[in-house]
Amino acid sequence: AYQQAADAGKESRQYNTLARIHNQMGVLYAYQDLFHESLEATRVACEYYQKANNQTGVTNAYRNMARAYEYLGQLDSTEFYYQKAYQLASSHQNKRTMTSILCEYTACLVDHQRLQEAEEWMGLLSEERIRTDAIVLNSQASIYHQKKQYDKARIYYNLALEDTLDAQSVYLKSSIHR
């Protein structure tokens, strides 16, 4: 259905609609572990978002490309697109998106044992965010855990869990508990 919608709209100038169609195709491909196809659909979405001058859409497309590249094991491209996404979100002062991108990118760096870089990127967050945001607290705990600083990791994991008590984030809670 998405492909039919994309084909039907090729001559359209409704760039945001076309971008969302291709972005959804990219997400669906990613769910099926078809990351090359996901990248292609997301690239097309990004082009349409750029034509529509939709900076939020471009930012999200860059982040989705970073995710696909990470699954493909192409760390240089992963870093490139996470950094582009962060820079664009930062230039528009989109704090929530900036935090989300930083946490994802930090998790990627931690997974690849690049702890010093992960800490540097986490340092871009405000002290208030580091102390009060469950996702940020979980990322910080992961860094300490990888550095084998288990006492500090435990403190940050517990703070993250406390922060999720009011929120209904089942996925975050399960991630913290592992």
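All of these numbers come straight from a predicted model, not from anything done at the bench.

## Considering the packing of helix α6 (residues 95-111) against helix α7 (residues 115-122)
Okay, so step 1: Packing of α6 against α7 brings their axes to within 8 Å, and their N-to-C directions diverge by 170 degrees. Considering their axes alone, α6 and α7 lie roughly antiparallel with respect to each other. Regarding α6 and α7, the two cross each other, and that crossing is left-handed. Contacts between α6 and α7 involve Leu102, Tyr105, Thr106, Leu109 and Val110 from the former and Leu115, Glu117, Ala118, Trp121 and Met122 from the latter.
Okay, so step 2: The residue makeup of the contact of α6 with α7, split by class, is eight nonpolar, one polar and one charged.

## Observations regarding unusual backbone geometry
Okay, so step 1: Of note in the backbone geometry, Asn53 takes a positive phi value of approximately 55 degrees without being a glycine.
Okay, so step 2: Mapped onto the elements of the fold, Asn53 is located in the loop between α3 (35-51) and α4 (55-71).
Okay, so step 3: The class of Asn53 is exposed, set by a relative accessible area of 58%.
Okay, so step 4: Residue Gln93 is not a glycine yet carries a positive backbone phi of 55 degrees.
Okay, so step 5: Along the polypeptide, Gln93 turns up in the loop between α5 (75-91) and α6.

## Overview of the side chain of Asn23
Okay, so step 1: Locating Asn23 in the fold gives a position in helix α2 (residues 15-31).
Okay, so step 2: When near neighbours in sequence (up to four residues on either side) are disregarded, Asn23 contacts Ala45, Tyr49 and Asn64.

## Side note on the packing of aromatic side chains
Okay, so step 1: Enumeration over the complete set of coordinates arrives at nine aromatic pairs.
Okay, so step 2: Centroid distance Tyr62 to Tyr81: 5.9 Å. Interplanar angle 45 degrees. Geometry classified as tilted. In this pair, Tyr62 is assigned in helix α4 and Tyr81 in helix α5, connecting sequence segments 19 residues apart.
Okay, so step 3: Taking relative accessible area as the criterion, Tyr62 reaches 9% and is therefore assigned buried.
Okay, so step 4: With a centroid separation of 5.7 Å and an interplanar angle of 10 degrees, the aromatic rings of Tyr69 and Tyr81 are classed as stacked.

## So, the nonpolar core
Okay, so step 1: Within the largest apolar cluster, 38 residues are counted, with the highest numbers of intra-cluster contacts made by Tyr62 and Met65.
Okay, so step 2: Within the residue set of this core, elements represented by two or more residues are α2, α3, α4, α5, α6, α7 and α9 (134-146).
Okay, so step 3: By residue number, the principal contributor to this core is α6, which donates eight residues.

## Things to note about the environment of Cys108
Okay, so step 1: With respect to the element layout, Cys108 can be found in helix α6.
Okay, so step 2: C-alpha separation for the pair Cys108 and Thr78, spaced 30 residues apart in sequence, amounts to 8.8 Å.
Okay, so step 3: When sequence neighbours within four positions are dropped, the list of residues in contact with Cys108 reads Glu70, Leu75, Thr78 and Tyr82.

## A few points about the pattern of salt bridges
Okay, so step 1: A full pass over the atoms with the stated rule returns seven salt bridges.
Okay, so step 2: Among the ionic pairs, Arg114 bridges to Glu79, the shortest N-O distance being 2.5 Å. Taken together, the positions of Arg114 in the loop between α6 and α7 and Glu79 in helix α5 put the pair 35 residues apart, joining distant regions of the chain.
Okay, so step 3: Here Arg154 and Asp151 are joined by a salt bridge, their closest N and O atoms 3.4 Å apart. Pair noted here: Arg154 and Asp151 are both in helix α10 (residues 150-163), with a separation of three residues, about one helical turn.

Parameters at a glance
Residues numbered from 1 in each chain as written. Predicted model: local features only at pLDDT ≥ 70, side-chain atom pairs only at ≥ 80, totals over all residues. Heavy atoms only, no water. Axes fitted to C-alpha atoms, helices over the stretch in contact; angles between N-to-C directions. Helix = DSSP H or I, 4+ residues; strand = E, 2+ residues; numbered from the N terminus. Parallel < 35°, antiparallel > 145°, perpendicular 65-115°, else oblique. Left-handed = near helix turned anticlockwise from the far one by under 90°. Contact = heavy atoms within 4.5 Å. Nonpolar A, V, L, I, M, F, W, Y, C, P; charged D, E, K, R; others polar. Buried < 20%, exposed > 50% of the residue type's maximum accessible area, 1.4 Å probe, protein only. Phe/Tyr/Trp six-rings, centres within 6.5 Å; stacked < 30°, edge-to-face > 60°. Core = buried A, V, L, I, M, F, W, Y, C linked by side-chain atoms within 4.5 Å. Salt bridge = Lys/Arg side-chain N within 4 Å of Asp/Glu carboxyl O.

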